[in-house]
Amino acid sequence: MKIGFIGLGHMGGPMAKNLVAAGHELKVFDLVPSAVQSLVEAGASAVSTASDAAVDVEVLISMLPASQHVEGLYLGESGLLGSINQQTLVIDSSTIAPESARKVATAAIEKGITMIDAPVSGGTAGAAAGTLTFIVGGDNKALERARPVLENMGKNIFHAGDSGAGQVAKICNNMMLAVLMAGSAEAIQLGVANGLDAKVLSDIMQKSSGRNWALELYNPYPGVMESVPASNDYQGGFGVDLMAKDLGLAMEAALQTRSSTPMGTLARSLYAMHSAKGNGSLDFSSIQKLFSDL
Ligand code: NAD
């Protein structure tokens, strides 16, 4: 297929590479030249504007940081929805506010363009391995059109509901992840402060009732696991500021529905505090530094 891909960061870069490896013809765009260069080396064609990536393609995928970037890309006088062909299927995989996803999808539908929200879970390792979970909001027919392309980047594809529903599910998942990561970091530090080795304690908890994804696959304590950001000075991975953004989206959703989210609210404050100390661009597992003298 001819595919346009916009946003080649920690996630978009490896996702786009998997599409090239699957034999698709990719036109790619990012504001950062080195991100584009890495895709060109993998076999994609570079274009110089987002509009160039969006014309003459069967599928257009965007993977941008936040709501304002996605609205800025698609809406307004110079927005892509003004020029995208009606035959092009648009897939936005960024994690953004559900209202934003609905707003952009509604504007697309008004122009006769089909669009789905398809945020992902699985982290940078899942993006590189092509094992992401896609959480789709939009109509079923659109999802079925998208499925073969999504299957080249992920192994689990869920239909959460109508436009925006993918984002709601993703926000709930990430609120839970933040709570688990902060809780795991707190527990490991308690053990270390009381004389335990962080790896020994992590091994014990992984086989006990405290077991969770953060401990098992993304341990926040340096040296416990190889190939995770904690063992690489918290570089790469999923940024603290992106997690803080997702927790903010969870708080907005909670306010709108008068939902009670005490654990998520505390996690948001911890991540905001951690970011304010200058850690915004580190991986989110660096929340360990809030508890430990690393
Ligand atoms: P990132 O900051 O590494 O990458 C975003 C990319 O978008 C950057 O390369 C940036 O230059 C580019 N960009 C921004 N505005 C642009 C524009 N107008 N046109 C073209 N390119 C533009 O972020 P990421 O970690 O890849 O995350 C992307 C999205 O995926 C976020 O919404 C994030 O919350 C979500 N997410 C991230 C992870 C993770 O582990 N990193 C996991 C799941 C979901």
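Residues numbered from 1 in each chain as written. Predicted model: local features only at pLDDT ≥ 70, side-chain atom pairs only at ≥ 80, totals over all residues. Heavy atoms only, no water.

Q: I would appreciate a short explanation of the overall build of the protein in the present structure.
A: The helix and strand tally for the protein stands at 13 helices and nine strands. By the compact-globule yardstick of 19 Å for 294 residues, the protein fits well, its C-alpha radius of gyration being 19 Å. Considering only C-alpha atoms, the protein reaches an extent of 60 × 45 × 35 Å along its principal axes. In the protein, buried positions account for 51% of the 294 residues. Considering only contacts in the protein between residues 6 or more positions apart, those separated by 24 or more positions represent 62%. Put simply, the protein has 19 plus and 27 minus side-chain charges, and the middle of one group is 4 Å from the middle of the other. (Helix = DSSP H or I, 4+ residues; strand = E, 2+ residues; numbered from the N terminus. Rg over C-alpha atoms; globule rule 2.2 N^0.38 Å. Buried < 20%, exposed > 50% of the residue type's maximum accessible area, 1.4 Å probe, protein only. Contact = heavy atoms within 4.5 Å. Lys, Arg positive; Asp, Glu negative; His and termini not counted. Charge placed at Lys NZ, Arg CZ, Asp CG, Glu CD.)

Q: Looking at this model, I keep getting lost on the site of the ligand. Mind explaining?
A: Taken together, 23 residues form the shell around the ligand, and within it His10, Met11, Asp30, Pro65 and Lys245 come nearest. Histidine 10 is positioned with one of its side-chain polar atoms (N or O) 2.9 Å from an oxygen atom of the ligand. The separation between an oxygen atom of the ligand and a polar main-chain atom of threonine 95 is 2.9 Å. Its free accessible area being 830 Å², the ligand has 87% of it covered by the protein chains. The site holding the ligand turns out to be the largest pocket. Elements supplying a minimum of two residues to the shell around the ligand: helix 6 (123–129) and helix 11 (240–257). (Near = heavy atom within 4 Å. Polar contact = N/O pair within 3.5 Å; in protein donor to acceptor, adjacent residues only side chain to side chain. Areas by Shrake-Rupley, 256 points an atom, 1.4 Å probe, with all protein chains shown as cover. 1 Å grid on protein atoms, 1.4 Å probe; cavity = no way out; pocket = protein on both sides within 12 Å on 5 of 7 lines; lining within 4 Å. Sits in = over half its atoms within 2 Å of the grid points.)

Q: Teacher, can you tell me more about the packing of helix 5 (residues 98–110) against helix 8 (residues 165–193) here?
A: Between two packed helices, the angle of one axis relative to the other and the distance separating the axes together describe the packing. Interhelical geometry of helix 5 versus helix 8 gives an angle of 160° and a closest axis separation of 8 Å. The angle between helix 5 and helix 8 falls in the class roughly antiparallel. As for the relative orientation of helix 5 and helix 8, their crossing is right-handed in sense. Of the residues in helix 8, those touching helix 5 at Pro98, Ala101 and Arg102 are Gln167, Val168 and Ile171. Broken down by class, the residue content of the contact of helix 5 with helix 8 amounts to four nonpolar, one polar and one charged. (Axes fitted to C-alpha atoms, helices over the stretch in contact; angles between N-to-C directions. Parallel < 35°, antiparallel > 145°, perpendicular 65-115°, else oblique. Left-handed = near helix turned anticlockwise from the far one by under 90°. Nonpolar A, V, L, I, M, F, W, Y, C, P; charged D, E, K, R; others polar.)

Q: Can you walk me through the nonpolar core in this structure?
A: Across soluble globular proteins, you tend to see nonpolar side chains buried next to one another. Phe5, Met15 and Phe134 are the most contacted members of the largest nonpolar core, which totals 33 residues. Secondary-structure elements contributing two or more residues to this core are strand 1 (2–6), helix 1 (12–21), strand 2 (25–29), helix 2 (33–42), strand 4 (59–62), strand 5 (89–92), strand 8 (132–137) and helix 7 (140–150). Element by element, the count of residues in this core is highest for helix 7, at five residues. When residues no more than four places from it in sequence are discounted, the contact partners of methionine 15 are Phe5, Met63, Ser93, Val120, Ala127, Leu132, Phe134 and Met153. Ranked by size, the runner-up nonpolar core spans 24 residues in total, among them Val90, Ile96, Ala101 and Ile113. (Core = buried A, V, L, I, M, F, W, Y, C linked by side-chain atoms within 4.5 Å.)

Q: Got a minute to help me understand unusual backbone geometry in this structure?
A: Trans peptide bonds make up most of the peptide bonds, and negative phi angles are found at most residues other than glycine. Non-glycine residue aspartate 56 carries a positive phi angle of around 55°. Mapped onto the fold, aspartate 56 is located in the loop between helix 3 (50–54) and strand 4. Although it is not a glycine, tyrosine 234 adopts a positive phi angle of roughly 60°. You can see tyrosine 234 is positioned in the loop between helix 10 (213–217) and helix 11. Overall, tyrosine 234 belongs to the buried group, its relative accessible area being 4%.

Q: How should I be thinking about helix 7 in this particular structure?
A: Residue pairs three or four apart in sequence face the same way in an α-helix, which turns once every 3.6 residues. Buried residues of helix 7: Ala142, Leu143, Ala146, Val149 and Leu150, and no others. Along helix 7, the residues classed as buried sweep out an arc of 105° about the axis, all on the same side. The N-terminus of helix 7 is capped by aspartate 139, whose side-chain oxygen sits 3.1 Å from the backbone nitrogen of lysine 141. (Arc of directions from axis to C-beta.)

Q: What's the story with the pattern of salt bridges in this structure? I'm lost.
A: If charged atoms from side chains of opposite charge come close, those side chains can pair. Following the criterion strictly, the structure yields six salt bridges and no others. Glutamate 71 is the partner of lysine 103 in a salt bridge, and the nearest nitrogen-oxygen pair spans 2.9 Å. On the criterion of sequence distance, the pair formed by lysine 103 in helix 5 and glutamate 71 in helix 4 (residues 67–74) is long-range, its members being 32 residues apart. Under the relative-accessibility criterion, lysine 103 is labelled partly exposed at 45%. For the salt bridge of lysine 245 with aspartate 246, the shortest nitrogen-to-oxygen distance reads 3.2 Å. (Salt bridge = Lys/Arg side-chain N within 4 Å of Asp/Glu carboxyl O.)

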